[in-house]
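These are the residues of each chain, in order.
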Amino acid sequence: RCRMYISLKSSFLVLGLYSLLGGFSVKAADRGTEVFKLCTYCHGALGEGNPTIGAPTIAGLPDWYVKRQLLNFRSGARGAHPRDAAGMRMYPMARTLNGEADIDAVVKVVATLPRVIPDDTIKGHMIKGQGTFKVCATCHGASGEGNLAMNAPPLAGASDWYLLKQLQNFKHKVRAFDPARDTTGATMAPMAAGLSDEDMLNVVSYINTFKYKKAANSTPQ
């Protein structure tokens, strides 16, 4: 009888912990949805972005990349440069998050959003851009799919105006202005430094072609 009592007690304890952890999981998911509502004011309900206010497409971005950028904005490693108007808007937004728990919750929501295909706004020479992109492919992948091992986010499907702006920001040290605080971002600075304005237009135009290939090869939902 004693063993049966202990066994029953252990079973109830396991079930209790399971229910408790399940409750935490639901609360985390709810919190992520709640926090994401703040993001929608600029990035849109579907994470589609809004170029008029400098908010890029974020839907479907990998959680590890979004988390790193939110941490950078939160710490001031990004978004604190006076020439980064869009980034300066993100800085106070990131600081409203209640630590890494909120960040982890919201990045999971962003990562699960279906990718969208933003409109093309950049016109360049795609063939020349293909040649320039060979250097980018070393980290970002041959089709701009990204590479976690290299800390390189996906480029395919990104807002082209945003890619152009970030190349300019890296070149002029507006982004990763303090290499010690943004070591990953700082690796982009020398890559962008050698690009002319025309090079940037060309390579972004070539990157635009990836999003259509991705959409054509995707399975309809």
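Just above, that's the structure.
Residues numbered from 1 in each chain as written. Predicted model: local features only at pLDDT ≥ 70, side-chain atom pairs only at ≥ 80, totals over all residues. Heavy atoms only, no water.

## Concerning the state of the cysteines
Cut-off, in case you're wondering: Cysteine sulfur atoms that pair up within 2.5 Å are treated as a disulfide.
Applying the stated criterion across every chain yields a total of zero disulfides. Here cysteine 39 is not disulfide-linked; the sulfur of cysteine 42 is the nearest cysteine sulfur, at 9.0 Å.

## Thoughts on the packing of helix 2 (residues 63–75) against helix 3 (residues 85–95)
As a reminder of what qualifies: Helix axes are fitted only over the stretch in contact, all axes being lines through C-alpha atoms; the angle between N-to-C directions runs from 0 to 180 degrees. Numbering of helices and strands runs from the N terminus; a helix is a DSSP stretch of H or I covering at least four residues, while a strand is a stretch of E covering at least two. Angle categories are assigned with fixed cut-offs, so that under 35 degrees is roughly parallel, over 145 is roughly antiparallel, 65 to 115 is roughly perpendicular, and the rest are oblique. Residues are treated as being in contact if the distance between any of their heavy atoms lies within 4.5 Å.
Where helix 2 meets helix 3, the axes come as close as 7 Å, and the angle between the chain directions of the two elements is 95 degrees. Considered as vectors, helix 2 and helix 3 are oriented roughly perpendicular to each other. Residue-level contacts link Leu70, Phe73, Arg74 and Ser75 of helix 2 to Gly87, Met90, Tyr91, Ala94 and Arg95 of helix 3.

## A closer look at the packing of helix 2 against helix 4 (residues 99–112)
Each packed pair of helices is defined by two parameters, the angle between the axes and the distance between the axes. Test applied: Crossing handedness follows the turn of the near helix against the far one: under a right angle anticlockwise gives a left-handed crossing, and clockwise gives a right-handed one. Throughout, the ten residues Ala, Val, Leu, Ile, Met, Phe, Trp, Tyr, Cys and Pro are labelled nonpolar, Asp, Glu, Lys and Arg are labelled charged, and all others, Gly among them, are labelled polar.
Their axes nearest at 9 Å, the elements helix 2 and helix 4 cross at an angle of 140 degrees. As the angle between them shows, helix 2 and helix 4 are arranged oblique. As for the relative orientation of helix 2 and helix 4, their crossing is right-handed in sense. Contacts between helix 2 and helix 4 involve Asp63, Val66, Lys67, Leu70, Leu71 and Arg74 from the first element and Gly99, Glu100, Ile103, Asp104, Val106, Val107, Lys108, Val110 and Ala111 from the second. Classifying every residue of the contact of helix 2 with helix 4 by side-chain character gives eight nonpolar, one polar and six charged.

## Details of the pattern of salt bridges
Using the following cut-off: We define a salt bridge as a contact between a side-chain nitrogen of Lys or Arg and a carboxyl oxygen of Asp or Glu at a distance within 4 Å. Accessibility here uses a 1.4 Å probe with only protein chains present; expressed as a share of the type maximum, an area under 20% marks a residue as buried, one over 50% as exposed, and anything in between as partly exposed.
The final tally for this structure, using the stated rule, is six salt bridges. Across the pair aspartate 104 and lysine 67 runs a salt bridge whose closest N-O atoms are separated by 2.9 Å. Highlighted residues: aspartate 104 in helix 4 and lysine 67 in helix 2, separated in sequence by 37 residues. Classification of aspartate 104 by relative accessible area gives partly exposed; the value is 28%. Looking at lysine 67, the relative accessible area reads 22%, which means it is partly exposed. A salt bridge links lysine 128 to glutamate 198, with the shortest nitrogen-to-oxygen separation between them at 3.9 Å. Taken as a pair, lysine 128 in helix 5 (residues 126–140) and glutamate 198 in helix 9 (residues 197–217) lie far apart in primary sequence, 70 residues in all.

## A look at the packing of aromatic side chains
Here is the rule we go by: Between rings of Phe, Tyr and Trp, where Trp is taken as its six-membered ring, a pair exists when centres lie within 6.5 Å; planes separated by under 30 degrees are stacked, by over 60 edge-to-face, and by other angles tilted.
By the definition in use, this model includes five aromatic pairs. Put simply, the rings of Phe133, Tyr206 and Phe210 touch in pairs and so form one group of aromatic residues.

## Re the side chain of aspartate 160
Going by this rule: Each polar contact in these results corresponds to two N or O atoms within 3.5 Å; when the atoms are within protein, one needs to be able to donate a hydrogen and the other to accept it, and residues that are neighboring in sequence are counted only if both atoms are side-chain atoms.
By the element assignment, aspartate 160 lies in helix 6 (residues 160–171). A distance of 2.6 Å separates a polar atom in the side chain of aspartate 160 from a polar atom in the side chain of threonine 121. If we ignore the near neighbours within four places in the chain, the residues touching aspartate 160 are Asp119, Asp120, Thr121, Ile122, Val204 and Asn208.

## Brief notes about the environment of glutamate 48
As for its placement among the helices and strands, glutamate 48 is situated in the loop between helix 1 (2–43) and helix 2. Exposure remark for glutamate 48: the relative accessible area of 35% places this residue in the partly exposed category. As for glutamate 48 and valine 116, which are separated by 68 residues in sequence, their C-alpha atoms are 6.2 Å apart. Dropping the residues within four chain positions of it, glutamate 48 is found in contact with His43, Thr57 and Val116.

## Considering unusual backbone geometry
Of note in the backbone geometry, asparagine 151 takes a positive phi value of approximately 55 degrees without being a glycine. Mapped onto the elements, asparagine 151 comes out in the loop between helix 5 and helix 6. Judged by its relative accessible area of 35%, asparagine 151 is partly exposed. Backbone geometry at alanine 176 places phi at a positive 60 degrees, although glycine is not the residue there. Inspection of the secondary structure assignment puts alanine 176 in the loop between helix 6 and helix 7 (183–186). Taking relative accessible area as the criterion, alanine 176 reaches 7% and is therefore assigned buried.

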